[in-house]
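Letter by letter, the chains look like this.
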Amino acid sequence: MFSLRQLSGKDVGPYFYIGGGNGGHLVEDLLVRMGWLRIHDKNREDFKLKWVETKNHINYYCFKEGEQLVNRIPNNAILTTKIGLLNSLREYERVMAKVKKGRYCRHLKMGDFFPESFRLDVRDDREAFFNTYQEGETWICKPTGMNRGRGIFFISSQEEVTALQERLEMMTQNRQRARLPFKGPMARIIQRYVNKPLLLDGKKFDIRVYMLIACTNPYVVMYHPGYVRLCVQDYSAEDLNVTAHLTNQWIQKKDPNYEEVKDETVWSMEHLNDYINETLADDKGLPQDWVFNGLTRRMKDIMLHCFHSVRHKIQCRLGYFDLYGIDFLLDEDMKVYLLEINVNPALHTNCEVLQDVIPPLVEETVNVSLDTFEKSRKNQSILPLTSMKNFQIIYNGDPSLHLPKIPPARGPEVTYPRSQVTPRKTKSAAPPRRRPITKPPGEGGAAESNSTDPKATTTAPNSVKTAQPSSTKPATSSTSQDATSKTGPDGRRSTFKPGILKFAASPPPKNSAKVPCTGVKTRYTTVNKTVLLPPGSKAASATVKPVSVSTQTTELAQNNPEASYEVSEKGEG
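Reference entry: report on the structure contained in this document. Bear in mind the structure is a predicted one, so any value in this text is a computation, not a measurement.

### Description of the pattern of salt bridges
Alright, step 1. Tallied over the full model, the rule gives 18 salt bridges.
Alright, step 2. The salt bridge partner of Glu-91 is Lys-313, with a shortest N-O separation of 2.6 Å. Highlighted residues: Glu-91 in helix H4 (residues 82-99) and Lys-313 in the loop between helix H10 (291-310) and strand S13 (322-330), separated in sequence by 222 residues.
Alright, step 3. A salt bridge links Arg-229 to Asp-327, with the nearest nitrogen and oxygen atoms 3.2 Å apart. Placement of the pair is Arg-229 in strand S11 (residues 219-230) and Asp-327 in strand S13, with a sequence separation of 98 residues. For the pair Arg-229 and Asp-327, a shared accessibility class is recorded, and that class is buried.
Alright, step 4. If you follow the salt bridges from partner to partner, you end up with Asp-206, Arg-208, Arg-229 and Asp-327 in one network.

### What about the sheet that holds strand S8 (residues 188-192)?
Alright, step 1. Spatial ordering of the open sheet is given by S5-S8-S6-S7, a layout of 4 strands whose pairing is antiparallel. Two strands in the sheet have a free side with no partner beyond their single neighbour: strand S5 (117-119) and strand S7 (153-155). On average, each strand axis in the sheet is tilted by 25 degrees relative to the strand beside it, whichever way the strands run.
Alright, step 2. Where strand S6 (residues 139-143) meets S7, 3 bridges bridge the pair, whose relative direction is antiparallel. Across the sheet, residue Cys-141 finds its bridge partner in S7, namely Phe-153.
Alright, step 3. Sitting on the sheet, H4 touches S5, S6 and S8, and the angle it makes with S5 is about 110 degrees.

### Quick notes on the state of the cysteines
Alright, step 1. Scanning all chains against the criterion turns up 0 disulfides.
Alright, step 2. Not part of a disulfide, Cys-316 finds its nearest cysteine sulfur in Cys-215, a span of 9.0 Å.
Alright, step 3. On the basis of relative accessible area, Cys-316 is assigned to the partly exposed category, the value being 35%.

### Details of the environment of Ile-83
Alright, step 1. Of note, Ile-83 is situated in helix H4.
Alright, step 2. In this structure the C-alpha to C-alpha distance between Ile-83 and Thr-144, which are 61 residues apart in sequence, comes to 5.8 Å.
Alright, step 3. Setting aside residues no more than four positions away along its own chain, Ile-83 makes contact with Arg-119, Asp-121, Thr-144, Ala-187, Arg-188 and Ile-189.

### A look at unusual backbone geometry
Alright, step 1. In this model, Asn-217 is joined to Pro-218 through a cis peptide bond whose omega is 5 degrees.
Alright, step 2. Relative to the helices and strands, Pro-218 is located in the loop between strand S10 (203-216) and S11.
Alright, step 3. The residue after Leu-383, namely Pro-384, is reached through a cis peptide bond having omega 0 degrees.
Alright, step 4. Among the structural elements, Pro-384 can be located in the loop between helix H11 (352-377) and strand S15 (392-396).
Alright, step 5. Of note in the backbone geometry, Asp-201 takes a positive phi value of approximately 55 degrees without being a glycine.
Alright, step 6. One can find Asp-201 in the loop between strand S9 (199-200) and S10.
Alright, step 7. Even without glycine at this site, Asp-289 takes up a positive phi of about 60 degrees.
Alright, step 8. By the element assignment, Asp-289 lies in the loop between helix H9 (269-284) and H10.

### Some points on the sheet that holds strand S1 (residues 15-19)
Alright, step 1. Taking strand neighbours across the sheet as the criterion, the 4 strands line up as S2-S1-S3-S4 in an open arrangement whose pairing is parallel. With partners counted over all chains shown, the strands left at the sheet margins are strand S2 (37-39) and strand S4 (69-70), one partner each.
Alright, step 2. Where S1 meets strand S3 (residues 49-52), 4 bridges bridge the pair, whose relative direction is parallel. Paired with Phe-16 across the bridge in S3 is Leu-49.
Alright, step 3. Across the sheet, helix H2 (residues 24-33) is in contact with S1, S2 and S3; its angle to S1 comes to roughly 170 degrees.

### Section: the nonpolar core
Alright, step 1. By size, the foremost hydrophobic cluster in this structure holds 60 residues, and its most contacted members are Ile-207, Val-228, Met-299, Phe-328, Leu-330 and Leu-338.
Alright, step 2. Mapped onto this core, the elements with two or more residues apiece are S1, H4, S10, S11, H9, H10, S13 and strand S14 (336-343).
Alright, step 3. Here the element with the most residues in this core is H10; it accounts for 8 residues.
Alright, step 4. Beyond its immediate stretch of four places on either side in the chain, Leu-330 contacts Pro-197, Leu-198, Phe-205, Ile-207, Trp-290, Leu-295, Lys-335 and Val-336.
Alright, step 5. The next biggest cluster of nonpolar side chains, apart from the first, holds 38 residues, and it includes Trp-36, Leu-69, Val-232 and Phe-373.

### Considering the packing of aromatic side chains
Alright, step 1. The final tally for this structure, using the stated rule, is 12 aromatic pairs.
Alright, step 2. Ring centres of Phe-307 and Tyr-395 lie 5.1 Å apart, and the angle between their planes is 50 degrees; on these two criteria the pair is classed as tilted. Pair noted here: Phe-307 is in helix H10 and Tyr-395 is in strand S15, with a separation of 88 residues, a long-range link.
Alright, step 3. Since its relative accessible area comes to 0%, Phe-307 is described here as buried.
Alright, step 4. Members of the aromatic cluster, joined through ring pairs, are Phe-118, Phe-129, Phe-130, Tyr-133 and Trp-139.
Alright, step 5. It is Arg-44 that lies over the ring of Tyr-15; its NZ or CZ is 5.2 Å from the centre.

Conventions and cut-offs
- Residues numbered from 1 in each chain as written.
- Predicted model: local features only at pLDDT ≥ 70, side-chain atom pairs only at ≥ 80, totals over all residues.
- Heavy atoms only, no water.
- Salt bridge = Lys/Arg side-chain N within 4 Å of Asp/Glu carboxyl O.
- Helix = DSSP H or I, 4+ residues; strand = E, 2+ residues; numbered from the N terminus.
- Buried < 20%, exposed > 50% of the residue type's maximum accessible area, 1.4 Å probe, protein only.
- Pairing = 2+ DSSP bridges.
- Axes fitted to C-alpha atoms, helices over the stretch in contact; angles between N-to-C directions.
- Contact = heavy atoms within 4.5 Å.
- Disulfide = S-S within 2.5 Å.
- Core = buried A, V, L, I, M, F, W, Y, C linked by side-chain atoms within 4.5 Å.
- Phe/Tyr/Trp six-rings, centres within 6.5 Å; stacked < 30°, edge-to-face > 60°.
- Lys NZ or Arg CZ within 6 Å of the ring centre and 35° of its normal.

Right, here's the structure in full:
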């Protein structure tokens, strides 16, 4: 069976499959311009890229790692569902509390950016909520696996809490009494509602930004500035109508005035920045362009924290990438709250602002994902990415960025580009220490000198002159049993005790004179030192005698630690 490429005789690009209408036409237009060919059979497995709304359209068992790309990570539910995100943040908080116990901890606290939440499908969690609730508070109840604001309701009185408690208990009892398993209602979380949100012209709003996991092997995570979503109706804490509290487009379309003011319900990030600079910066004590500095930095930190909470759980295969829509909320104190992370974010262009944001977003998502895929497949450095325009990298796991600059054992030194390698700070290597060589006393009456200056002599008492270069008779010197004084090139004097140093000791010579008994034990220890002599000179062995002597260390020996001479048993070097 011949392929379309062989039958047509044309150079047709790779195949791609698109399932669903959420941004599919934008992806199709881009890939067709690149020379790719679209296929419509979802069962075909010869595609290069598959872009779908739900991961049910992807057969991960037939996925070819390093050859194909799919826009859904299999286990993204640990990040994109309400319960999955809550569990991941809780576990990460617990683990980091143990790891960082007693030490300074830089990671964010969950309570600093995530509203207080409880799971209603877990008995201990819902009992904790019933004990926490106080009269007059407003809480919002959300199903874990739905989007577009479906299934959301508010609780603002003790009567509603009691009714919810009775309903949950009844559902639990019915499930236990049932003989056959049945699918119960969708699990829910209940979350403390932010009663004093920041308002724009009297309307509640939230911020939709995007996080792209462009590659999972290695990890490449990026941030993209999105847009601002406003409600059609004015905000009122007493009126719990969902159209005045939920900002997503699916809810706002239910308002009869939506078509007339739909362009006013979506602001660009530049519009938000100008509004805060003009109306709120002075009152709130904010610097100019706070949206692009303080707010953006805070949102990046929260996104990175969420990614770290699931970084070791995500299924990593070369070819997985995913685009998430993340919703943030500001209160009157300019505190940033994370509301939720959405898989398959809306990519519609029904507003003027969305027409400027969504198409470049989709195009850059595809280009960056393809670029990182090809570089990772070829074991190339991820950076630089020529296709990256509005995205900003918040995490890069490229191993080439962490390689130390280590020269190879053989062959020429391999160097990495300065932009790709962060060299480690290393200390300069110290010169190798020479192990002293011991020699029996009595085989040489002269001592070895460390000085190459023919006129250099010692000035300490009981000292002897060093040998002249022209003389064949080596100079003699004596060392003290208790302490020996040495003078370095910098003029400083240092002492050492031979009895403390661990040198090899030899028995006293047979013909040596007996040492009178003075109450102090004399140990015969001889040391052969590293000596640098002028050409033509000979080295003789040194016998350690209980006499104090001061020798001068030459500058040549200090600057040339590699040079060494071994003294033979005959005393010739």
